[in-house]
Amino acid sequence: MDTRVERIHFAADHIKSVIGDRKPLVGIVLGSGLGKLADAVKDPIVIPYKTIPGFPVSTAIGHKGNFLVGELGGKQVIMMQGRIHYYEGYSMELVTLPTRVMVVLGIKYLFVSNAAGGVNYDYHVGDLMIIKDHICLQPNPLIGPNMDEFGPRFPDMTRPYDLGLIAKAEEIAGELGVKVHKGVYFGGTGPTYETPAEYKYIRIIGGDVTGMSTIPEVITARHSDIAVFGMSVVTNEAHDDYAPDFKNDGEAVVKAADSAADNMCAIFERLIESL
Ligand code: HPA
């Protein structure tokens, strides 16, 4: 068997042995500073990544390293408390391993969240954006021999983010009185923040926000035809006309994400309730 597939099943079998007959419907990836949603999970079983055979351990600030399996919005969910980033030095195989494992566990939906810089001039710190599309300037995680048991060689990317879920989320945001943008997530590798010229480039080519994550998980889920929903929290205004003393600061980004997280968590929970 393909050693990649063996590794995925090895990890999934371990998780199955811990969670028994729980069958998660939704996989959730929590981004930097967005860990609060974990507190809303009822009856959680915590599975630290370090206890899962073959699993990488996240080193990013604001990220824990656990799977959490429990109930949210009346549904069984599996939540990644801390994602694995390419900039940490892991291969795309390892970055996407948790997503593959959640697919093997039978999820039908993947919800992703992240902290991102707002390159769109209408976006401000603390704003939320529903991701309607993305631009991938990270290595494509499907490069390499295709794992046919997961999906086709050339997956369709016409609708990477589920239109039905986007419409429902907009409705929910309206009911909650929460302002949301709908836009395009640009994903680079990081770990550097962008130069002013790069922020301008990202805006010109159609990005609304920019980040260093998310797309590998989305592509991997879409490979297996899992419906995806995603949101970004704008943590900094990512423009090419900084004040002379401006500096991007990782800790400040995590703090800004934290203050906007409550509204995003409410939207995620209500959306899961509606499934
Ligand atoms: N660039 C890239 N990633 C980010 C940013 C940014 O400005 N803010 C939060 N994550």
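### Some details on the side chain of Asn 114
Here Asn 114 shows up in strand E5 (residues 109–118). A relative accessible area of 1% means that Asn 114 is categorised as buried. A polar atom in the side chain of Asn 114 sits 2.8 Å from the side chain of Thr 214. Contacts of Asn 114, omitting those with residues within four sequence positions, involve Gly 31, Leu 34, Arg 83, Ile 131, Tyr 185, Ser 213, Thr 214, Met 231, Ser 232 and Val 233.

### Here's the deal with the pairing of strand E9 (residues 227–237)
In summary, the side chains of a regular strand alternate between the two faces of the sheet. For E9, the buried fraction is high: ten of the eleven residues fall into the buried class. As paired elements, E5 and E9 share ten bridges and run parallel to each other. Among the inter-strand pairings, Leu 110 is bridged to a residue of E9, identified as Val 228. Looking at chain direction, strand E6 (residues 128–136) and E9 are connected through three bridges and run antiparallel. Across the sheet, residue Met 129 finds its bridge partner in E9, namely Ser 232.

### Describing helix H4 (residues 163–176)
Counted at 1.5 Å a residue, the expected span for H4 with its 14 residues is 20 Å, and the 20 Å between its end C-alpha atoms agrees. For H4, the full list of buried residues reads Leu 165, Ile 166, Ala 169, Ile 172 and Ala 173. One face of H4 carries all of its buried residues, which in axial projection span an arc of 125°. Those residues of H4 that are exposed and aimed more than 90 degrees away from the buried face are Leu 163, Glu 171, Gly 174 and Glu 175. Looking at where H4 begins, the residue whose side-chain oxygen comes 3.1 Å from the main-chain nitrogen of Gly 164 is Asp 162. Phi turns positive one or two residues past the end of H4, at Gly 177, with a value near 70°.

### Observations concerning the packing of aromatic side chains
Tallying each qualifying case throughout the model produces six aromatic pairs. Measuring from centroid to centroid gives 5.4 Å for Phe 111 and Phe 268, while their planes differ by 85°, and the two rings are edge-to-face. Taken together, the positions of Phe 111 in strand E5 and Phe 268 in helix H7 (residues 250–273) put the pair 157 residues apart, joining distant regions of the chain. Take Phe 111: its relative accessible area is 0%, and that puts it in the buried class. Pairing Phe 229 with Phe 268 gives two aromatic rings, centres 5.7 Å apart and planes at 65°, and the pair type is edge-to-face. Here Phe 268 lies in helix H7 and Phe 229 lies in strand E9, a separation of 39 residues in the sequence. Judged by relative accessible area, Phe 229 falls into the buried class, the value being 0%.

Thresholds applied
For every chain, the first residue of its written sequence is number 1, and the numbers climb from 1 along that sequence. Whole-chain, interface and lining totals are the exception, using all residues; otherwise, since this is a predicted model, local features are given only for residues with pLDDT of at least 70 and side-chain atom pairs are given and counted only at 80 or more. Note: side-chain values were computed over all heavy atoms of the structure, leaving out hydrogens and water. Counting from the N terminus, the helices are DSSP H or I runs at least four residues long and the strands are E runs at least two residues long. Relative accessibility under 20% of the residue-type maximum defines a buried residue, over 50% an exposed one, and the middle range a partly exposed one, all with a 1.4 Å probe and only protein chains included. Any N or O atom pair separated by 3.5 Å or less is treated as a polar contact, with the protein-specific requirement of one donor-capable and one acceptor-capable atom, and with residues adjacent in sequence counted only for side-chain atom pairs. Pairs of residues are marked as contacts when any of their non-hydrogen atoms sit within 4.5 Å. For two strands to be treated as a pair, DSSP must find at least two bridges joining them. How far a helix is expected to stretch is found by multiplying one less than its residue total by 1.5 Å. Starting at the helix axis, one direction is taken to each C-beta atom, and the arc is that of these directions. Classification of ring pairs uses Phe, Tyr and Trp, with its six-membered ring standing for Trp, and accepts pairs whose centres are within 6.5 Å; under 30 degrees between planes counts as stacked, over 60 as edge-to-face, and the remaining range as tilted.

Purely spatial values, then, with no claim about function.
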